[in-house]
Amino acid sequence: MRAEPLARLGWFVASFSALVLVWAIVSTLVDQRYLPSPGAVLTVMLAETADGDLPFHLSMTLMRVAFAFVLAMAIGGAIGMALGARARLDRFFLPWLIVALNLPALVVIVLSYIWFGLTEAAAIGAVAVNKIPMVAATLREGTRALDPLYSEMAKVFRFSWVARLRHVVLPQLQPYYAAAARSGIALIWKIVLVVELLGRSNGIGFQVHLYFQMFDVAGILAYALAFVLVMLAIDGLLLQPFERHARRWRTVNA
Amino acid sequence: MLKVEINSQALGHGEKKVDVLARVTFRVDTGRLICLTGPSGCGKTTLLRLVLGLETLDDGSIVVPSGRVAAVFQEPRLLPWRSVEDNIRLALGSNKERVDIGSLIDRVGLAGKGRNFPGELSLGQARRAALARAFAVAPDLLLLDEPFASLDQETAMRLRETLMSVWSRRPTTTLMVTHDLVEAAQLADEVIVLGGRPATIVARRVLAWDRRQRDAAYTAEVAAQLAEVMRAALPGL
C-alpha cells in the first residue's frame, strides 16, 4: 500500500518524459517556426511568467473555469437528480435534455453574447450551459440506479431529508459526480478558451488568439501548456485524492 | 399494540397483478413477540412491508404503535460507505446523546468493530450491527424479517441468544418473520402460520411458557406440532 503513490508518480513521470522526448525529436525534424523545441517553449513560458502576463491570463481563465464548473455541477446535478427520481418529469423533459445535449457549443456562446452582451456573466453562463446537459444526463443515470434497499431503510428509520441526501443518496451518486467532474473540467476549459477568443480581452483563449495572429507557435504552446499543467495539478492534487477518500470503504475488503 | 386487519392485498401491475394476501387479522400486544411463519412466497414479507409502510395497503387497516419503528431486514441494509458506529448513529436521528452506542455495540458482540465498514464484517456480524441499530432507536415496534437466515447453526444460535438478551432488557412489541419453526418455538409468545394463495391465517398457537424456561425438548415438540398443523392445513407441502 505504502509504495502505491510512489509507483503512480513513477509511471506518470516516465510517461510524461516520453511525451516531451517525442516532441523534442519531432521539433528537430521540422521548421522551428511550426514546432519549436520544448526548450524554446519553456523559455517563452518563463519570460511570460516573469513579466506577469501568463499568471494574469492564467488566473482569469481559471476563474472562469471554476465558476462555470461549480455552476454546471450544481445546476446539472440538481436537474439530473430530479429527472432520475421523478418518472413523470423525466418523460416530459427528456426530449429537452436531448436537444440541449446536441446544441453546438459555438451556437450557445454566440447567442449568449448576442442576447446578454459581451459580459463576464454571459461568458461564464454560456460555458456552464454547455456543460449542464452532460452533468444532468450522467446524474440522471446515477439517480435511476439508486438502490431502493437503502431508501427503504432510511424511510423506516425516519432519516431526515438532509441525512437521506448526505448519507444515502450522495454516496451512491459519488462515482457519477466524479465521472461528470472529470469529463466536465476537461471540456469546460476548452470551451472557456473559445468564449475568451470570441468575446473577452484576457485569458488563455485571448492570448492564443493574439499569438495566432502573430503566427507565434511558441507563444501559443507556452500558454496552452501552462494551463494543461495547472489542470493536471488540479486533477492530481484535488480530484484524485477526493475520489480515493470517497472510495475508501470499497477498498477495505478487496 | 400493533393491529393488523388486512382484507386483501395485491402486488404488481396490470396483467402481472397477483393477490398475495386475503383476510389476515391479528394483533401484537405491547411487549409481546409474535412469529409469523409459513411456506416461502406466502406473503410474510409483504405483510411486514405493509406494516413498515413500504407498500400501500389495498383494503384494510394497520395501526402501528405511536413512536418509533425499527426493522432488521433479511439483508442487513447497513450503509456500506459509513462505519458501523455511524450507521447506528444515523438511525438515531436527533436523540443521539441519550444512547451509548459503544456499549450497545459491545452488547451485540461487536466490540472493537465500531469503526469498521460493513464490507469488513461477516454476514453474522452485519446482522448483529443491524440488530444494534434497531435497538438503538428504542423502538415502540420492532420488525424482524428472517434475521437469522443463511447463517450456520452455531452463528444463528448465538445471534438468537444475543437478540433475546437485548430484547429482555426492554421487551418491545415485535413481529418477526421466520421460516424456522424451532426458532419460532424458542422465541415467540404466539406463532401465526400463514398459507394459501392468496394467504390467510391457517393456524395460530399461543406459547404460554416463559421463554427462559423453554428447553430443547419443549421447542422441538412445539416445532413438530406446528409442522403437523401446517401439513394438515396446507396439503401439498
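Everything below is about the structure printed above this text.
Not measured: the values here are computed from a predicted model. By convention here, each chain's residues receive numbers from 1 onward along its written sequence. For naming, the first written chain is A and the first written ligand is 1, with later ones following in the order written. With pLDDT at 70 or above as the cut-off, local features in this predicted model cover only qualifying residues; side-chain atom pairs require 80 or more to be listed or tallied, and sums for whole chains, interfaces and linings still use all residues. Side-chain metrics rest on all non-hydrogen atoms present in the structure, leaving aside hydrogens and water.

1. Overview of the overall build of chain A
Note the cut-off: Only DSSP runs of H or I with at least four residues qualify as helices, and only runs of E with at least two residues qualify as strands; both kinds are numbered from the N terminus onward. Using a 1.4 Å probe on the protein chains alone, a residue whose accessible area is under 20% of its type maximum counts as buried, one over 50% counts as exposed, and one in between counts as partly exposed. Residue contacts are defined here by distance: any two heavy atoms, one from each residue, within 4.5 Å place the two residues in contact.
Scanning chain A from N- to C-terminus turns up 10 helices and zero strands. When its helices and strands are written in sequence order, chain A yields α-α-α-α-α-α-α-α-α-α. Based on the C-alpha atoms only, the size of chain A along its principal axes is roughly 70 × 55 × 30 Å. Buried positions account for 37% of the 254 residues belonging to chain A. Pairs at least 24 apart in sequence give 74% of the contacts found in chain A among residues at least 6 apart.

2. Observations concerning the overall build of chain B
Note the following rule: The globule rule is 2.2 Å times the number of residues to the power 0.38, and the radius of gyration it is compared with is taken over C-alpha atoms. All accessibility values rest on the Shrake-Rupley procedure with a 1.4 Å probe; residue burial counts only the protein chains present in the view. Only four residue types enter the tally: Lys and Arg on the positive side, Asp and Glu on the negative side, with His and both chain ends excluded. Think of each charge as sitting on NZ of Lys, CZ of Arg, CG of Asp or CD of Glu.
Of regular secondary structure, chain B possesses seven helices and 10 strands. In terms of overall size, chain B behaves like a compact globule, its C-alpha atoms giving a radius of gyration of 18 Å where 237 residues would be expected to give roughly 18 Å. Taken over the C-alpha atoms alone, chain B extends approximately 50 × 45 × 30 Å along its principal axes. Put simply, chain B has 237 residues, and 53% of those count as buried. Long-range pairs, those at least 24 residues apart, make up 70% of the contacts in chain B with a sequence separation of at least 6. For chain B, the accessible surface area stands at approximately 10,500 Å², while carbon and sulfur atoms represent 49% of it. Across chain B, the centroid of the 31 positively charged side chains sits 3 Å from that of the 28 negatively charged ones.

3. Here's the deal with the side chain of Asn116 of chain B
All names here are of chain B. Inspection of the secondary structure assignment puts Asn116 in the loop between α3 (101-107) and α4 (123-136). Accessibility expressed as a relative area gives 17% for Asn116, which makes it buried. Not counting residues up to four positions away in its chain, the partners in contact with Asn116 are Ser83, Val84 and Leu121.

4. A closer look at the environment of Trp11 of chain A
Locating Trp11 of chain A in the fold gives a position in helix α1 (residues 3-29). Spatially, the C-alpha atom of Trp11 of chain A lies 21 Å from that of Ala226 of chain A, the residues being 215 residues apart in sequence.

5. Structural notes on the pattern of salt bridges
Residue and element names in this part refer to chain B. Put simply, the test is: The salt bridge criterion pairs a side-chain nitrogen of Lys or Arg with a carboxyl oxygen of Asp or Glu, the two atoms within 4 Å.
For the structure on display, the rule yields 22 salt bridges over all chains. Salt-bridge contacts for Asp29 lead to Arg27; the nearest nitrogen and oxygen are separated by 3.3 Å. For Asp29, a relative accessible area of 28% translates into the label partly exposed. Judged by relative accessible area, which is 45%, Arg27 ranks as partly exposed. With a shortest N-O distance of 2.9 Å, Glu55 and Arg49 are connected by a salt bridge.

6. Structural notes on the sheet that holds strand β10 (residues 200-206) of chain B
Residues and elements named next belong to chain B. Inclusion rule: Strands are labelled as partners when DSSP assigns at least two bridges between them. The angle between two axes is taken between their N-to-C directions and runs from 0 to 180 degrees, where each axis is a line fitted to C-alpha atoms and a helix contributes only its stretch in contact.
Strand order in this open sheet of six strands is β6-β7-β8-β4-β9-β10, and the pairing throughout is mixed. What marks the edges here is a single partner per strand, and that holds for β6 (69-72) and β10. Each strand axis lies, on average, 15° off the axis of its neighbour in the sheet, ignoring direction.

7. Description of a nonpolar patch on the surface
Residue and element names in this part refer to chain A. We count it as follows: Residues forming no salt bridge and having over 30% relative accessible area are the ones grouped into patches, like charges within 9 Å of each other and nonpolar side chains (Val, Leu, Ile, Met, Phe, Trp, Tyr) within 5 Å.
On the surface, Leu106, Val107, Val110, Leu111, Ile114, Trp115, Phe116, Val194, Leu197 and Leu198 cluster together into a nonpolar patch covering about 930 Å² of accessible area. The element that contributes the greatest number of residues to the nonpolar patch is helix α5 (residues 105-116), accounting for seven residues. Of note, Val107 is situated in helix α5. Assessed through its relative accessible area of 38%, Val107 is described here as partly exposed.

8. Comments concerning the interface of chain A and chain B
What counts, and what does not: Two parts placed together each lose some accessible area; with a 1.4 Å probe, that loss summed over both constitutes the buried area. Polar contacts, as used here, are pairs of N or O atoms within 3.5 Å; protein pairs need one atom able to donate a hydrogen and one able to accept it. Residues neighboring in sequence count only if both atoms are side-chain atoms.
Chain A puts 18 residues into the contact, and the matching count from chain B is 25 residues. Between chain A and chain B lies a buried interface of about 2,100 Å² when both sides are counted; carbon and sulfur atoms form 66% of it. Interface area lost by chain A to chain B is led by Val156, Phe157 and Trp249 of chain A, which between them contribute 32%. Seen at the junction of chain A and chain B, the total is two salt bridges. Residue Arg77 of chain B pairs with Glu152 of chain A through a salt bridge whose shortest N-O separation is 2.8 Å. Remark: the boundary between chain A and chain B carries nine residue pairs in polar contact (both at pLDDT 80 or more).

9. Quick word on the packing of α5 of chain A against helix α6 (residues 120-144) of chain A
All names here are of chain A. What counts here: Crossing chirality is assigned from the near helix's rotation relative to the far helix, an anticlockwise turn below a right angle marking it left-handed and a clockwise turn marking it right-handed. Only Asp, Glu, Lys and Arg are considered charged in this grouping, and only Ala, Val, Leu, Ile, Met, Phe, Trp, Tyr, Cys and Pro are considered nonpolar; every other residue, Gly among them, is considered polar.
Running from N to C, α5 and α6 point in directions that differ by 150°, and their axes come no closer than 9 Å. The chirality of how α5 crosses α6 is right-handed. Listed contacts from α6 to Ala105, Val108, Ile109, Ser112, Tyr113 and Phe116 of α5 are Ala122, Ala123, Ala126, Val129 and Asn130. When grouped by side-chain class, the residues that make up the contact of α5 with α6 number nine nonpolar, two polar and no charged.

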